[in-house]
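Architecture and fold: a report
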Amino acid sequence: MRGHNQLNGWSSDENDWNEKLYPVWKRGDSRWKSSWKGGRVQAVLTSDSPALVGSTITFAVNLVFPRCQKEDASGNIVYEKNCRNDTGASPDPYVYNWTAWTEDGDWGNDTSEGHHNVFPDGKPFPRPWKKNFVYVFHTLGQYFQKLGRCSVTVSINTANVSLGPQIMEVTVYRRHRWAYVPIAKVKDVYVVTDQIPVFVTMSQKNNRNSSDETFLRDLPITFSVLIHDPSHFLNESAIYYKWNFGDNTGLFVSNNHTLNHTYVLNGTFSLNLTVQAEVPGPCPLPSPRPPKTTPSLVTAGDNSLELREIPDESCHITRYGYFKATITIVAEVILPSLSLWMSFTPPSIPTEVCTVISDPSCQITQNPVCDPVPLELGDACLLTVRRAFSGSGTYCMNLTLGDDASLALTSTLVSITSRGKKHKKYKPIENSPGIVIRGKGLNVFLSHAKTLFFPGNQEKDPLLKNQPGI
């Protein structure tokens, strides 16, 4: 085991192992199949990797029991009520009743404690030790032993860990009278890096799908930096964000993790971000200096070596993180839209408005959208709803207004064209009952409607005929 990878509190795997108390089974050994009643136990190992060197990485192990089995509040393994598996219901509610074993004196008396209340290397269990699983973590030629229930966590500091991918392996044992039985073994890869793990989210108003990294020209894009630092290693660090948006606007430097930028040209641009963190750390020991040949030149208080050894001296380590992306900028395409002005009769104010746009037969839904109604509608109690259409054509539109006790529903056909007549005609669906209200208290009617295709367009024909509230 190399000293560079020495983990605090871990032991060398060259130590003796009590295989009589903790047997070692290889993968594929037939004894694994009978190591647990009712099936096999699966161990799930996760970590918050990748970890910046010097930070802390945490590993979590969770045991997944066979169907209809769970751990109760006392740590015993019991069968779930009203759950049936392939073996049928069991007359015994317990899979493993370790509490009964302890009460029988098999585990709690002083005479037996020195024999089997120990870890594989012979170290005694810490008190209180009444937990039913023994977890043995192994990495970098070292191991760590821990008692636990169906889930445990272990953290290590990565200051002495070599950079790159490493393997963590965990073996889980259960109590079995005066010995232990291995029930699961799992391994996972974790990564230690000297670069800050960085991710950037990008969002823009009116852009419903920012995941394709295509955005609209002349509208600001919000860039938000996420630094993966679950152990808060960089909390005391000075962090700077250096942006190059690839559009010849120069370099932007900020200490804020969020920044807005507007592209004024169409095209494809390369975004580059560099994150710089000044991490406080111990000052390195200075190299020894040869003594000066002229003692008279050395005055009291002029010893630079003493000054550099002052504990309060400020030293830091600089770490960097990088993010690159290619984004596409396009011109905004204005789709045909419909604006509805609705008025309400107090005190019955709806809390939600929903529109469903579908094909002319009202069978194939294309665009269901629901929005909360603002709490303050003003004295006129007016609500404006705007919906965009994918193109010209005839659409069926359902409009629903509701509160906790009532529901208002109406449907209509909408004819949308991008050419020809300026004013469009809307007609109700045949045999439409108009406004239907379920419950009491919601009084609503549609007063006006407009279609907006381009700036300056004014729609004169109403979408729906005025109908009194019910």
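Please read these numbers as outputs of a predicted model, since none were measured by experiment.

Rules of the game
- Residues numbered from 1 in each chain as written.
- Predicted model: local features only at pLDDT ≥ 70, side-chain atom pairs only at ≥ 80, totals over all residues.
- Heavy atoms only, no water.
- Helix = DSSP H or I, 4+ residues; strand = E, 2+ residues; numbered from the N terminus.
- Buried < 20%, exposed > 50% of the residue type's maximum accessible area, 1.4 Å probe, protein only.
- Contact = heavy atoms within 4.5 Å.
- Areas by Shrake-Rupley, 256 points an atom, 1.4 Å probe, with all protein chains shown as cover.
- Core = buried A, V, L, I, M, F, W, Y, C linked by side-chain atoms within 4.5 Å.
- Pairing = 2+ DSSP bridges.
- Axes fitted to C-alpha atoms, helices over the stretch in contact; angles between N-to-C directions.
- Phe/Tyr/Trp six-rings, centres within 6.5 Å; stacked < 30°, edge-to-face > 60°.
- Salt bridge = Lys/Arg side-chain N within 4 Å of Asp/Glu carboxyl O.
- Disulfide = S-S within 2.5 Å.
- Polar contact = N/O pair within 3.5 Å; in protein donor to acceptor, adjacent residues only side chain to side chain.
- pLDDT = per-residue confidence, 0-100.

Looking only at helices and strands, the protein has three helices and 29 strands in total. The burial tally for the protein puts 39% of its 470 residues in the buried class. Here the analysis covers contacts within the protein between residues at least 6 apart in sequence; of these, 67% occur between residues at least 24 apart. Put simply, the protein shows about 27400 Å² of open surface, and 52% of that area lies on carbon and sulfur atoms.

Next up on the list: the nonpolar core. Generally speaking, a soluble globular protein has its nonpolar side chains buried in company with each other. With 33 residues, the main nonpolar core has Trp 36, Leu 63, Phe 133, Tyr 135, Phe 137 and Val 170 as its most contacted residues. Among the secondary structure elements, those contributing two or more residues to this core are strand S2 (42–47), strand S4 (56–64), strand S7 (94–96), strand S8 (133–139), strand S10 (151–157), strand S11 (164–176) and strand S12 (179–193). If one sorts the elements of this core by residue count, S12 sits on top with five residues. In this view, Val 170 contacts Leu 45, Val 61, Tyr 135, Val 136, Phe 137, Ala 184, Lys 185 and Val 186; residues no more than four positions away in its chain are not counted. One finds Leu 52, Ile 221, Ala 277 and Ile 329 within the second-largest nonpolar core, a separate group that totals 26 residues.

Strands sit in the order S14-S20-S19-S16-S17 across an open sheet of five strands; the sheet is mixed. Because the sheet does not close on itself, it has two edges, and the strands there are strand S14 (214–216) and strand S17 (251–254). Going from strand to strand, the sheet's axes swing by 30 degrees on average, the running direction of each strand aside. Of the pairings in the sheet, the one linking S14 to strand S20 (residues 316–330) comprises three bridges and is parallel in character. Directly across from Thr 214, in S20, lies its bridge partner Thr 328.

Further remarks concern unusual backbone geometry. Leaving glycine aside, a negative phi is the common case for residues, and trans is the common case for peptide bonds. The residue after Ser 49, namely Pro 50, is reached through a cis peptide bond having omega 5 degrees. Among the secondary structure elements, Pro 50 is positioned in the loop between S2 and strand S3 (51–52). The phi dihedral of Cys 68 is positive, around 75 degrees, even though this residue is not glycine. Relative to the elements of secondary structure, Cys 68 occurs in the loop between S4 and strand S5 (69–71). For Cys 68, a relative accessible area of 4% puts it in the buried group.

Turning our eyes to something else, we now look at the sheet that holds S3. In any sheet, the strands associate via hydrogen bonds between backbone groups, in a parallel or an antiparallel arrangement. Strand order in the open sheet formed by six strands is S1-S9-S8-S11-S12-S3, and the pairing between neighbours is mixed. Among the strands making up the open sheet, the edge pair consists of strand S1 (11–12) and S3. Of the strand pairs in this sheet, S8 and S11 are connected by six bridges, and their pairing is antiparallel. The residue of S11 that forms the bridge with His 138 is Glu 169.

This brings us to the packing of aromatic side chains. Taken as a whole and judged by the stated rule, the model has 18 aromatic pairs. Between the aromatic rings of Tyr 22 and Tyr 173, the centroid separation amounts to 5.1 Å while the plane-to-plane angle is 85 degrees, which identifies the pairing as edge-to-face. Of this pair, Tyr 22 sits in the loop between S1 and S2 while Tyr 173 sits in strand S11, placing them 151 residues apart in sequence. The same class applies to Tyr 22 as to Tyr 173, namely buried. Seen in terms of ring centroids, Phe 59 and Tyr 190 are 5.1 Å apart; in terms of plane orientation they differ by 80 degrees. Their pairing is edge-to-face. Placement of the pair is Phe 59 in strand S4 and Tyr 190 in strand S12, with a sequence separation of 131 residues. Across the pair, exposure class does not vary: Phe 59 and Tyr 190 are buried alike.

Once their charged atoms are close, side chains differing in charge can pair, the charge on each being opposite to the other. Per the counting criterion, the structure on display carries five salt bridges. The partner of Arg 217 in a salt bridge is Asp 218, and the shortest N-O contact between them spans 3.2 Å. A residue is classified by how much of its surface remains accessible, and Arg 217, at 30% relative accessible area, is partly exposed.

A few words on the state of the cysteines. Tallied over the full model, the rule gives three disulfides. Between the sulfur atoms of Cys 68 and its disulfide partner Cys 83 the distance amounts to 2.0 Å. Its S-S torsion of approximately -70 degrees makes the covalent link between Cys 68 and Cys 83 left-handed. Here the residue Cys 68 occupies a position in the loop between S4 and S5, and Cys 83 occupies one in the loop between strand S6 (77–79) and S7, the gap between them amounting to 15 residues. Two residues share a disulfide in this structure: Cys 354 and Cys 370, whose sulfurs sit 2.1 Å from each other. Here the disulfide of Cys 354 and Cys 370 is right-handed, its torsion about the S-S bond being about 115 degrees. Here Cys 354 is found in strand S22 (residues 352–358), whereas its partner Cys 370 is found in strand S23 (residues 365–372), with 16 residues between them in sequence.

Further remarks concern the environment of Ser 203. Take Ser 203: it is sitting in strand S13 (residues 198–204). Remark: the alpha-carbon pair of Ser 203 and Thr 222, spanning 19 residues in sequence, is separated by 5.3 Å.

In this section: the side chain of Gln 142. Examined against the element boundaries, Gln 142 turns out to sit in strand S9 (residues 142–148). Classification of Gln 142 as buried rests on a relative accessible area of 0%. Of the polar contacts made by the side chain of Gln 142, one reaches the backbone nitrogen of Leu 7; its length is 2.9 Å.

For the rest of this paragraph, the subject is the confidence of the model for the protein. Low pLDDT means the predicted atomic positions in that stretch should not be read closely. With 71% of its residues at a pLDDT of at least 70, the protein reaches an overall mean of 78. For residues 294–312, every residue scores under 50 in pLDDT, and the model assigns this stretch six contacts once sequence neighbours within four places are set aside.

Secondary-structure assignment places Ser 34 in the loop between S1 and S2. Residue classification places Ser 34 among the exposed residues on the basis of a relative accessible area of 58%. Placed 149 residues apart in sequence, Ser 34 and Ile 183 show a C-alpha to C-alpha distance of 9.0 Å.

As paired elements, S2 and S4 share six bridges and run antiparallel to each other. Bridge pairing links Thr 46 to Ala 60 in S4. Across seven bridges, S4 lies against S10 in antiparallel orientation. Residue Ile 57 lies in a different strand from S10, and its bridge partner there is Ile 156.

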